[in-house]
Amino acid sequence: MPSYTVTVSTGSQWFAGTDDYIYITLVGTDRCSERTLLDKPLYNDFERGAVDSYEVRVEENLGEIVLVKIEKKKYWVQDDWYCKYITVKTPSGDYLEFPCFRWLVDDKEVVLRDGRAHLPQDDKTSLVKQHRQKELERRRKTYRWKEWQPGFPMSIDANRHKDLPRDIQFDTEKGVDFVLNYSKAIENLFVNQFMHMFQSSWSDFADFEKIFVRIKNTISEYVMKHWKEDFMFGYQFLNGCNPVVIQKCTKIPDKFPVTDEMVSVSLEREMTLEQEIEAGNIYIVDYELLDGITANCTDPCTLQYLAAPICLLYKNAQKKIMPIAIQLGQNPGKDNPIFLPTDGKYDWLLAKIWVRSADFQYHQNITHLLRTHLITEVFAIAMYRQLPAVHPVYKLLMPHIRFTIAINTKAREQLICEFGIFDKANATGGGGHVELITKAVKSLTFRSLCFPEIIKARGLDNEEELPTYFYRDDGYRVWEATKSFVSDVVHIYYTSDETLQEDEEIQAFIKDVCSFGMQDFDHCEFPKSLKSRAELSEYLTAIVFTASSQHAAVNFGQYDWCSWIPNAPSTMRRPPPNKKGIADVNLIIESLPDRGRSSWHLGAVWALSQYQECELYLGMYPDEHFIEKPVKEAMKKFRKQLAEISLSIKTRNEGKKLPYYNMSPDKIPNSVAV
């Protein structure tokens with residue numbers, strides 16, 4: 001009587017094991033096995049982290065094993081089970097791998113195909129075609145689109161984390177509870193004594209150090225000591241938390257009437273402002289999107305304010321970026337003066353603080369939330385709806401969308417919802433964040449997710465002109481390594497452009513992103529189909545890069561750059577000055593966040609900057625969705641390239657007072673999960 005040896009691996013995360021009954025059925029090309037209970041006498045089967053083997057006896061050989069069906073039935077109470085993989089040893093001694101990496105909940109079954117990736121046109125038998133179709137039908141019922149806010153990219157149809165499918169929930173919801181984590185951060189930072197002190201101003205700049213004593217690091221301490229300096233102000237546009245807004249200025253906008261006479265004292269090359277512009281030495285940052293956004297009014301005891309400043313920057317003879325003019329509103333006029341470094345020191349300092357506060361709002365809402373979290377969720381939902389687990393692109397993307405839908409759902413539940421944590425300390429809380437993101441979606445095109453293109457579009461692609469733009473330099477290298485890996489995988493499975501064009505599933509995925517995820521907005525310019533392997537490689541590179549490298553670059557430096565409150569005020573409590581000569585220390589302190597809002601802000605940037613326990617960094621793929629040797633070789637090559645990049649970044653950073661490591665692959669998690 002033939003016998004098949006079935007080996008079952010249970011996940012190692014908390015609560016992965018089960019005491020429920022587990023049954024297996026082997027489906028072959030000739031026949032099926034009996035439904036077999038996997039149970040060993042006097043043995044606790046399917047414990048967390050266990051690998052258990054069982055014999056499945058059959059009357060006759062089953063032929064080639066095509067599918068494995070696993071069923072879970074209740075023993076005492078429902079006990080969810082996480083199955084990593086199943087291997088089957090045939091009577092002839094061959095081994096077949098069946099990746100699972102799924103939760104079995106309630107009395108449900110899962111039907112698995114072997115680990116080899118297959119395009120839809122590769123499937124020839126009705127059995128595997130039906131399996132593929134049924135899997136997608138189930139997924140489309142489970143992963144439904146929903147518009148959380150009008151004009152937003154679409155999100156998952158779930159109001160709470162616990163409403164999500166078990167497969168995409170966090171292993172423990174407690175670990176990603178924003179209220180708990182922020183409160184814990186505030187306690188760890190020893191600022192809980194201040195967290196309810198709203199309306200209570202600090203006495204002076206040094207007073208902010210009272211909430212800056214518990215957790216320090218090289219960059220945050222340097223920021224605290226040098227935040228008032230023009231060099232530090234300009235440097236952050238290149239390598240701070242929000243290195244995506246600076247662009248080369250080719251013409252002074254009419255709405256920002258800076259003259260040569262105003263700035264000539266700041267220019268070092270004996271050239272006029274116009275000549276400096278022509279020489280490529282002038283840069284600009286414009287927060288126009290913040291114009292007209294409603295400031296937070298959830299606390300009637302504290303008025304809060306927003307501004308939409310414009311800042312002119314100059315690359316001096318040492319190639320440092322220095323601010324030379326700031327206007328705090330979009331409409332020039334007597335009540336909207338242009339502040340200059342030659343003004344009174346407090347006038348100039350307050351103008352810079354207003355720019356930093358605007359930058360913080362732009363960063364949190366647009367750079368971070370919209371352009372990494374929300375857009376990655378669109379790709380994730382479309383993937384689940386249109387690509388079965390056997391599709392190579394599903395296997396490729398899976399590690400890079402891990403927990404993204406979960407963290408976004410939790411954010412909508414606790415953080416950015418009405419009366420959420422975001423309202424406590426942010427000037428765009430109370431609905432302003434919704435207005436701002438709705439405006440920003442209009443410039444969210446697919447091409448703007450392609451790193452080299454967006455750098456070039458901002459006129460910053462010349463490495464000699466800006467030799468210390470490390471975000472750009474490291475980003476280029478990581479983008480190219482990622483694109484090389486993605487292209488390798490694409491070319492393993494797509495032997496020609498025609499093969500791609502014939503793949504109905506990948507085309508449905510691309511269309512779902514545009515037509516449903518981005519709601520077919522006129523301005524979104526996302527493709528609805530792809531015609532070549534080169535196009536697919538770029539498309540998938542943009543997804544992987546956005547979910548991993550771009551998110552890391554704009555997320556994990558938040559404590560570094562934003563923990564010193566005057567350098568990144570989350571809100572302002574006085575209106576922007578409408579004339580010169582009125583600023584002093586008292587006005588600045590009264591403008592900056594009070595003790596309570598400062599504490600919540602500090603807790604937020606600390607919590608958001610923390611890596612997860614057991615973090616999986618770029619190139620780490622412990623869940624073997626792919627089993628083919630060519631893909632494993634591509635992964636090995638990818639990891640080697642990433643290690644070389646990490647080493648070169650580490651070498652460059654040695655001895656630097658301001659090391660830049662946010663694009664170092666060894667500090668880039670695979671996915672948006674925090």
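The rules behind the values
- Residues numbered from 1 in each chain as written.
- Predicted model: local features only at pLDDT ≥ 70, side-chain atom pairs only at ≥ 80, totals over all residues.
- Heavy atoms only, no water.
- UniProt positions renumbered as here; feature names shortened; annotations may be inferred.
- Helix = DSSP H or I, 4+ residues; strand = E, 2+ residues; numbered from the N terminus.
- Contact = heavy atoms within 4.5 Å.
- Buried < 20%, exposed > 50% of the residue type's maximum accessible area, 1.4 Å probe, protein only.
- Polar contact = N/O pair within 3.5 Å; in protein donor to acceptor, adjacent residues only side chain to side chain.
- Pairing = 2+ DSSP bridges.
- Axes fitted to C-alpha atoms, helices over the stretch in contact; angles between N-to-C directions.
- Expected span 1.5 Å × (residues − 1).

Draft legend 1. Region of the structure containing the UniProt feature "site: Essential for stabilizing binding to COTL1" (unreviewed entry) in the chain. Within the UniProt annotation, "site: Essential for stabilizing binding to COTL1" (unreviewed entry) is assigned to Trp-103. Mapped onto the secondary structure, Trp-103 falls in strand 7 (residues 95-104). The contacts of Trp-103, once residues within four sequence positions are left out, are Gln-13, Trp-14, Phe-15, Ala-16, Asp-80, Trp-81, Tyr-82, Arg-166 and Asp-167.

Draft legend 2. Region of the structure containing the UniProt feature "binding site: Ca(2+) 2" (unreviewed entry) in the chain. Under the UniProt annotation, the feature "binding site: Ca(2+) 2" (unreviewed entry) is placed at Asp-39. Here Asp-39 lies in the loop between strand 3 (36-37) and strand 4 (51-57). The class of Asp-39 is partly exposed, set by a relative accessible area of 45%. Excluding residues within four positions of it along the chain, Asp-39 makes contact with Asp-45 and Tyr-54.

Draft legend 3. Summary view of the side chain of Arg-385. Checked against the element boundaries, Arg-385 lands in helix 7 (residues 345-386). Polar side-chain contacts of Arg-385 include one of 3.1 Å to the side chain of Asp-512. If we skip the residues at most four places from it in the chain, Arg-385 touches Leu-136, Arg-140, Tyr-143, Arg-144, Trp-145 and Asp-512.

Draft legend 4. Here's a closer look at the sheet that holds strand 4. Here four strands make up an open sheet; going across it, the order is 4-1-6-7 and the pairing antiparallel. Lying at the two open borders of the sheet, with one neighbouring strand each, are strand 4 and strand 7. For this sheet, the mean inter-axis angle between neighbouring strands, taken without regard to orientation, is 20°. Of the pairings in the sheet, the one linking strand 1 (residues 3-10) to strand 4 comprises seven bridges and is antiparallel in character. Note that in strand 4 the partner of Ser-9 across the bridge is Val-51.

Draft legend 5. How the structure looks around helix 19 (residues 595-608). The terminal C-alpha atoms of helix 19 lie 20 Å apart, and with 14 residues this matches the ideal 20 Å at 1.5 Å per residue to within 8%. Most of helix 19 is tucked away, with 14 of its 14 residues classed as buried. Capping the start of helix 19 is the job of one residue whose side-chain oxygen sits 3.3 Å from the backbone nitrogen of Gly-596: Asp-594.

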